[in-house]
Amino acid sequence: MNIIEAMKERRSVRNFDGNGITGEQRRELLKAVEEAYDPFGGNVTIRLKKFDLKGGYKPSTYGMINGAEEFFLLGMGDDEASALSAGFRFEQVVLKAWEMGLGTCWIAGTFKGSSFEKGENWPDGEELKVVCPVGEAKKPSMMEKFTRFTLGSKNRKSFDTLFFSDSFHAPVSDDNQFHEALEMLRLSPSSTNSQPWRALVSDNTVHFYYKPKSRISALDTAIGMCQFWETERFNGKSGKFHKVSDAPKAPEDWKYLYSYTRE
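The notes below deal with the structure included here. (Residues numbered from 1 in each chain as written. Predicted model: local features only at pLDDT ≥ 70, side-chain atom pairs only at ≥ 80, totals over all residues. Heavy atoms only, no water.)

Quick notes on the nonpolar core
Counting residues in each nonpolar core, the largest one holds 52 residues, and the members touching the most others are F72 and L182. Apart from the residues lying within four places of it in its own chain, the contact partners of L182 are F159, F163, V172, A199, V201, V206 and F228. One finds A68, F71, L73 and V131 within the second-largest nonpolar core, a separate group that totals 15 residues. (Core = buried A, V, L, I, M, F, W, Y, C linked by side-chain atoms within 4.5 Å. Buried < 20%, exposed > 50% of the residue type's maximum accessible area, 1.4 Å probe, protein only. Contact = heavy atoms within 4.5 Å.)

Observations regarding the environment of K31
With respect to the secondary-structure elements, K31 resides in helix α2 (residues 23-35). Taking the C-alpha atoms as reference points, K31 and V93, separated by 62 residues in sequence, lie 9.1 Å from one another. (Helix = DSSP H or I, 4+ residues; strand = E, 2+ residues; numbered from the N terminus.)

Focus: the pairing of strand β2 (residues 70-76)
Here is the key point about a regular strand: its side chains alternate between the two faces of the sheet. Among the 7 residues in β2, 7 count as buried, and that is most of the element. Burial along β2 is two-sided: E70, F72, L74 and M76 facing one way and F71, L73 and G75 facing the other are all buried. As paired elements, strand β1 (residues 44-50) and β2 share 7 bridges and run antiparallel to each other. Residue pairing for β2: V44 is matched across the bridge by M76. The pairing of β2 with strand β5 (residues 127-135) spans 7 bridges and is antiparallel. Within the sheet, the bridge partner assigned to E70 lies in β5 and is V134. (Pairing = 2+ DSSP bridges.)

Description of the pattern of salt bridges
Enumeration according to the criterion identifies 13 salt bridges in this entry. One salt bridge in this structure joins E120 and K49, with 3.1 Å as the shortest N-O distance. One end of the pair, E120, is in the loop between α4 (114-117) and β5; the other, K49, is in strand β1, with 71 residues separating them in the sequence. Looking at E120, the relative accessible area reads 17%, which means it is buried. One salt bridge in this structure joins E80 and K255, with 3.3 Å as the shortest N-O distance. Of this pair, E80 sits in helix α3 (residues 80-99) while K255 sits in strand β10 (residues 255-262), placing them 175 residues apart in sequence. One salt-bridge network, held together by shared partners, links R47, K49 and E120. (Salt bridge = Lys/Arg side-chain N within 4 Å of Asp/Glu carboxyl O.)

A look at the packing of aromatic side chains
Scanning the entire structure with this criterion turns up 25 aromatic pairs. Ring plane angle 80° and centroid distance 5.1 Å describe the contact between F228 and Y260, whose orientation is recorded as edge-to-face. Residue F228 is found in helix α7 (residues 217-234), and its partner Y260 is found in strand β10; the two are separated by 32 residues along the sequence. For Y260, a relative accessible area of 0% translates into the label buried. Taken together, the ring pairs in this structure connect Y37, F40, F88, F178, F208, F228, W229, F241, Y258 and Y260 into an aromatic cluster. R47 extends its terminal NZ or CZ atom over the ring of W122, reaching a point 4.2 Å from the ring centre. (Phe/Tyr/Trp six-rings, centres within 6.5 Å; stacked < 30°, edge-to-face > 60°. Lys NZ or Arg CZ within 6 Å of the ring centre and 35° of its normal.)

Let's talk about helix α6 (residues 179-186)
The α-helix advances 3.6 residues per turn, and as a result positions three or four apart in sequence lie on the same side. Across the 8 residues that make up α6, a large majority, 7, are buried. Buried within α6 we find H179, A181, L182, E183, M184, L185 and R186. At its buried positions, α6 is contacted by α1 (3-9), β6 (163-165), β7 (197-202), β8 (205-210) and α7.

Looking at the side chain of E230
With respect to the helices and strands, E230 occurs in helix α7. Setting aside residues up to four positions removed in sequence, E230 forms contacts with I3, M7, Q92 and L95.

Structural notes on the packing of α2 against α3
Look at α2 against α3: their axes get within 9 Å of each other, and the N-to-C directions meet at 155°. On the basis of their axis angle, the class for α2 and α3 is roughly antiparallel. Seen from above, α2 lies across α3 with right-handed handedness. Residue-level contacts link E28, L29, A32 and V33 of α2 to R89, V93, K96 and A97 of α3. Grouping the constituent residues of the contact of α2 with α3 by class yields 5 nonpolar, no polar and 3 charged. (Axes fitted to C-alpha atoms, helices over the stretch in contact; angles between N-to-C directions. Parallel < 35°, antiparallel > 145°, perpendicular 65-115°, else oblique. Left-handed = near helix turned anticlockwise from the far one by under 90°. Nonpolar A, V, L, I, M, F, W, Y, C, P; charged D, E, K, R; others polar.)

The structure is reproduced here in structure tokens:
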């Protein structure tokens, strides 16, 4: 499985087989954490922690995670750069896990932190904001199927309502050089399937915006930006993320984040 296939096929997994992961899988995942690229410089700490299910541990998630022994814990700062770094870095790990045959599920803000926080100390300015189970997927339960249905995780906004070329009134053409990368962004996961990301293509630059829908909309957009970047990299292209002071003025309810220029 290559990275494009992983982005197209990956789904959130909430029902696990209860067997945990192997030592080799753990090493591969921690290597992915260590090597994850971060163009934003935020404060993020990513840990992988094992819990004793047989000892009666029940994670304080929203009641939808079953059979997971291993959880990633993401401590992060309370600023935009940290949100971007967390989303961008950790999505690389999530995709690596899927390529390895392991399921995951981003959980941000819908869990009680107490059981995950026990014994954990975070660097100054960081606090636990995201957890993510990882392991072998079990056949989806009826509750998981219902959750996927209610969240509409298979439903995505149409391409031409999210991405524009030269102006915010013209859609990106099918033959545009960034079309595939933007399509992979469109397929990205987001909290409650909110899909806050927007983009404007101008020559060899893509300007990224988001439409705030929750306190983690910037993090969600960074997940999509990661999938955009992974597609560029897969296709042998390179580019640089940077801020511009004169980003094209977007609709009032959109917020500019970053730009990407292909080198």
